[in-house]
Amino acid sequence: MITLYQAPAAWGVPNISPFCLKLETWLRMAGLPYEVRSADPRRAPKGKIPYADIDGCTMGDSQLIIEHMERAHGDKLDAHLTAEARARGHVIRRMLEEAFYWMVVFVRWSEPEGWAAYRPIFLPLMPRVVGGVIVELLRKRMTGMLRAQGTGRHSREEIYAQGKADLGAIATLLGDQPFMLGTEPSSVDATVYALLASVLRFPVDSPLKRHAEAQPNLVAYCERMRQRYYADWSPPA
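Residues numbered from 1 in each chain as written. Predicted model: local features only at pLDDT ≥ 70, side-chain atom pairs only at ≥ 80, totals over all residues. Heavy atoms only, no water.

Q: Would you explain the nonpolar core in this entry?
A: In globular proteins that are soluble, nonpolar side chains generally tend to be buried together. By size, the foremost hydrophobic cluster in this structure holds 72 residues, and its most contacted members are W26, F100, M180, V192 and Y221. Broken down by element, the residue count for this core peaks at 12 residues, all from helix α3 (residues 83-110). When residues no more than four places from it in sequence are discounted, the contact partners of Y221 are L174, P178, F179, M180, D189, V192, Y193 and L196. (Core = buried A, V, L, I, M, F, W, Y, C linked by side-chain atoms within 4.5 Å. Buried < 20%, exposed > 50% of the residue type's maximum accessible area, 1.4 Å probe, protein only. Helix = DSSP H or I, 4+ residues; strand = E, 2+ residues; numbered from the N terminus. Contact = heavy atoms within 4.5 Å.)

Q: Please explain the sheet that holds strand β4 (residues 57-60) as it appears in this structure.
A: Each strand in a sheet pairs with another by means of backbone hydrogen bonds, the pair being arranged parallel or else antiparallel. Pairing within the open sheet is mixed, and its 4 strands lie in the order β2-β1-β3-β4. Two strands lie at the open edges of the sheet, namely β2 (35-38) and β4, each paired on one side alone. Within the sheet, the average angular offset between the axes of one strand and its neighbour, ignoring direction, is 25 degrees. The sheet contacts of helix α1 (residues 18-30) involve β1 (2-6) and β2, and relative to β1 the element is tilted by about 160 degrees. (Pairing = 2+ DSSP bridges. Axes fitted to C-alpha atoms, helices over the stretch in contact; angles between N-to-C directions.)

Q: What am I meant to see in the environment of L181 here?
A: Residue position: L181 is located in the loop between α6 (156-174) and α7 (188-200). What makes L181 buried here is its relative accessible area of 18%. For the pair L181 and D166, spaced 15 residues apart in the sequence, the C-alpha separation amounts to 17 Å. Discounting residues that sit within four places of it in the chain, L181 has contacts with L81, A85, R88, G89, S186 and V188.

Q: Would you take a moment to explain the side chain of N15 for this structure?
A: Note that N15 resides in the loop between β1 and α1. Engagement of the side chain of N15 in a polar contact is seen with the backbone nitrogen of S17, the distance being 3.0 Å. Contact partners of N15, with chain neighbours within four places excluded, come to Q6, A7, P8, A9, C20 and L21. (Polar contact = N/O pair within 3.5 Å; in protein donor to acceptor, adjacent residues only side chain to side chain.)

Q: I tried to follow the packing of aromatic side chains on my own but got confused; where do I start?
A: For the structure on display, the rule yields 10 aromatic pairs. Judged by centre distance (4.8 Å) and plane angle (5 degrees), the ring pair of Y5 and Y51 falls under stacked. Placement of Y5 in strand β1 and of Y51 in strand β3 (residues 51-54) is noted, with a sequence separation of 46 residues between them. Judged by relative accessible area, which is 0%, Y51 ranks as buried. Ring centres of Y193 and Y230 lie 6.1 Å apart, and the angle between their planes is 25 degrees; this geometry places the pair in the stacked category. You can see Y193 sitting in helix α7 and its partner Y230 sitting in the segment after α9 (216-229), a full 37 residues away along the chain. Judged by its relative accessible area of 3%, Y230 is buried. Across the ring face of Y5, the terminal group of R43 is positioned such that the distance to the ring centre comes to 5.4 Å. (Phe/Tyr/Trp six-rings, centres within 6.5 Å; stacked < 30°, edge-to-face > 60°. Lys NZ or Arg CZ within 6 Å of the ring centre and 35° of its normal.)

If you want it as C-alpha cells, here you go:
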C-alpha cells in the first residue's frame, strides 16, 4: 500500500505543490495504486512534503520515493530509453526542480498578487486563532529561502527573464514530440507536467504565465498529460 501525504488541490490541479503533483503523476504513469491524505509537515522525514508511507515505511523527497519505487516495482517508464535520453531527462529534471522551481516560488510567495491568491489556500490548514500569524511567518521563511538560494537577490525583471528562458528551452526541446523524450512518456514527464501546470493553472497573471501560454506546444503538452493521466480526476467538493 502506498499512502501519499501532500498539500491540497486547487485551481483545477490535484495539488498546489509541484513536487506533490510530480509524485502523484509518476504513480499514475507507472500504474501503481495509492491513496492520498493531508500532510502534516511535522511527520515528514525530511521536513517537507510530499512524503509517503510505503508498506509501513515512511519516506520523504519525491525523487527518492520514485527511485525506491523503481527498484521495488521495476523501471516501467524509462526502460525503453537510451543512455543519452536518460541523461537528457536527468538534465531537464534538475533544471526545472533546482532552478525553475524558484521562479514559481517567487510568483507565489513574493509577488503581492501571487501571495494574495496563494495565502487563502494555506490559511484553512492553520490553527484558527494563530493561523494568520503562522502563514505570514511561512511567507517570511520562503522569501528568505528564495534570497539564500540566489533567485531572490535579482530584480523582478531579471527573475522573469531567467524564467522565460527556461520555458523557452523546454519548448525547444519538446518541439513537436508528444512527450519530452519522444513518442512515449517517461519519468521526466512527471516533473515537466507538474512545473508547467503550476504556472499555467495558477490564477494570477504574470510575465511567466503569459510566456508559457504563448508556447502552443507547452499548452498542448499539459492538456495531453492531463487527459492521459487525470481524466478521472475531479476537484474535491
